[in-house]
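Descriptive structure summary
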Amino acid sequence: MRTHRKAAALLAVCVLVLAAGCSSEGGKDSEEKNGDGGGGKAVATERLKIAMVTHSGEGDTFWDIVKNGAEQAAAKDNVEFLYAADKEGKGQAQLIDSYVAKKVDGIVVTLAKPEAVRASVEKAVAAGTPVVTINAGGEHSGAVGALSHIGQEESVAGEAVGEELNERGRKKALCVIHEQGNVSLEARCAGVKKAFRGTVENLNVEGTNMPASTSSIEAKLQTGRDIDTVVTLGAPFAAATVKAKAGAGSGAEVNTFDLNAEVVERLKAKEIGFAVDQQPYLQGYLAVDGLWLHKTNGNVLGGGKPVLTGPALVTDKDVPALEKYTARGTR
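In this text the structure is predicted, and so the values were computed from the model without any measurement.

Conventions adopted
- As a convention, each chain's residues are numbered from 1 in the sequence order in which they are written.
- Two thresholds apply to this predicted model, a pLDDT of at least 70 for residue-level local features and 80 or more for giving and counting side-chain atom pairs, whereas whole-chain, interface and lining totals are computed over all residues.
- Each side-chain value is derived from all of the structure's non-hydrogen atoms; neither hydrogens nor water enter the calculation.
- In short, DSSP must find at least two bridges between two strands for them to pair.
- Only DSSP runs of H or I covering at least 4 residues are called helices, and only runs of E covering at least 2 are called strands; the numbering of each starts at the N terminus.
- Convention used here: a crossover is right-handed provided that the path from the first strand, over the helix, to the second strand proceeds clockwise when the strands point away from the viewer.
- Burial here depends on accessible area, computed with a 1.4 Å probe over protein chains only, as a share of the maximum for the residue type. Under 20% is buried, over 50% is exposed, and the range in between is partly exposed.
- Note on aromatic pairs: the rings of Phe, Tyr and Trp (six-membered ring only in Trp) are paired at centre separations within 6.5 Å, and the planes decide the class, stacked below 30 degrees, edge-to-face beyond 60, tilted for the rest.
- When the NZ atom of lysine or the CZ atom of arginine is within 6 Å of a ring's centre and also within 35 degrees of its normal, the charge is said to sit over that ring.
- Contact between two residues is taken to exist if any of their heavy atoms lie within 4.5 Å; hydrogens are not considered.
- Angular values range over 0 to 180 degrees, each being the angle between N-to-C directions of two axes fitted as lines to C-alpha atoms, with helices fitted over their stretch in contact.

Right, let's get into the pairing of strand β8 (residues 199-204). The side chains of a regular strand alternate, first on one face of the sheet and then on the other. Two strands pair when backbone bridges link them, and strand β7 (residues 172-177) and β8 are joined in this way by 6 bridges, in the parallel orientation. Looking at β8, one finds that A173 is bridged to V200. For the segment spanning β7, helix α7 (residues 183-195) and β8, crossover handedness is right-handed.

Moving on, we get to the pairing of β7. By the criterion of burial, β7 is predominantly enclosed, with 6 of the 6 residues buried. Of the two faces of β7, the one lined by K172, L174 and V176 and the one lined by A173, C175 and I177 are each fully buried. Two strands pair when backbone bridges link them, and β7 and strand β9 (residues 229-232) are joined in this way by 4 bridges, in the parallel orientation. Bridge pairing in β9 places C175 opposite V231.

Applying the stated criterion to the full structure yields 2 aromatic pairs. For the ring pair F62 and W63, a centre distance of 5.0 Å and an interplane angle of 80° mean the geometry is edge-to-face. Look at F62 and you get buried, because its relative accessible area is 7%. The buried category is assigned to W63, whose relative accessible area is 4%. Over the ring of W292 we find K76; its NZ or CZ atom is 4.5 Å from the centre of that ring.

Moving on to the sheet that holds strand β6 (residues 149-151). Read across the sheet, 6 strands follow the order β3-β2-β4-β5-β6-β12 without closing on themselves; strand pairing throughout is parallel. The sheet is open, and its two borders are formed by β3 (79-85) and β12 (307-308), each paired with just one other strand. In terms of strand pairing, strand β2 (residues 48-54) meets β3 through 7 bridges, oriented parallel. Within β3, the residue paired with L48 across the bridge is V79. In the packing of helix α4 (residues 89-101) onto the sheet, the strands contacted are β2, β3 and β4 (106-109), and the crossing angle to β2 comes to about 170°. Along the sheet, helix α11 (residues 280-297) makes contact with β2, β3, β4, β5 (131-134), β6 and β12, crossing β2 at roughly 140°.

Let us look at the environment of L286. Position of L286 among the secondary structure elements: in helix α11. Note on L286: relative accessible area 1%, which makes it buried. It is 7.6 Å that separates the C-alpha atoms of L286 and A70, two residues lying 216 residues apart in sequence.

Set out below in structure tokens:
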């Protein structure tokens, strides 16, 4: 696994914070007791209620991993964890408002469509509800009053992909955007284009309709015979692209952002060249743990600066070390 140089230092900080936040039953003994990623004994601090609102679309397995991390931290921190999602910014804003009305002790929010949720996040902060942002829209986090942002810097991640494509001798890339209007996805493709010496063409697909997405990618590969690599921006779309590639009779290499168990299996089978791991489990875990630390000890994770959880480039060589983690839904 190769961690991009701009993320390496802060990624190390994440690991240290994660270790420091462990319960009294942490360490090797706890790992042996809870090898499935489940929680140990909860802390004795007051019971808190923390909510998470994301822009997840139906069937996106990425958010299952984020939730697994959040639930692990909640179990350790004596927190009741609430989760809701809406792929539309307006719906996400309404969910944030509802949790503020319920007087939760903290909210974790994604800023994929920042303008749509800005007012609701600012209202939460004004009401005294601390907010941590994760995953998307990190550049907007401070402006809306969030304590910190946890995730990868998307443009940097895109540049890392572009640099890797250069090393692999690729000439033309298709960058598949599965959610129009998502600023983080657009930043990824822009980063690829910035660093890649070849040409990049974006393709928008209907991310919540996988058969339609697969058909769109296949059609593009049939007409674009000079496309020698496809970059997908989410793990489920990598598998769809492998299928589309076969249907189109294309020789393009498939690469992707994000990991899941199927991506690791396809890396192992050399059906996918590499994946960009932003460690979603860590995003969920640190967000809940960070809000708990803020409420119980006045801490601010990252000192108000972004806490990077990626990017790291993963290839077939990393599969032996990752398989057990992806199988249990923590990577």
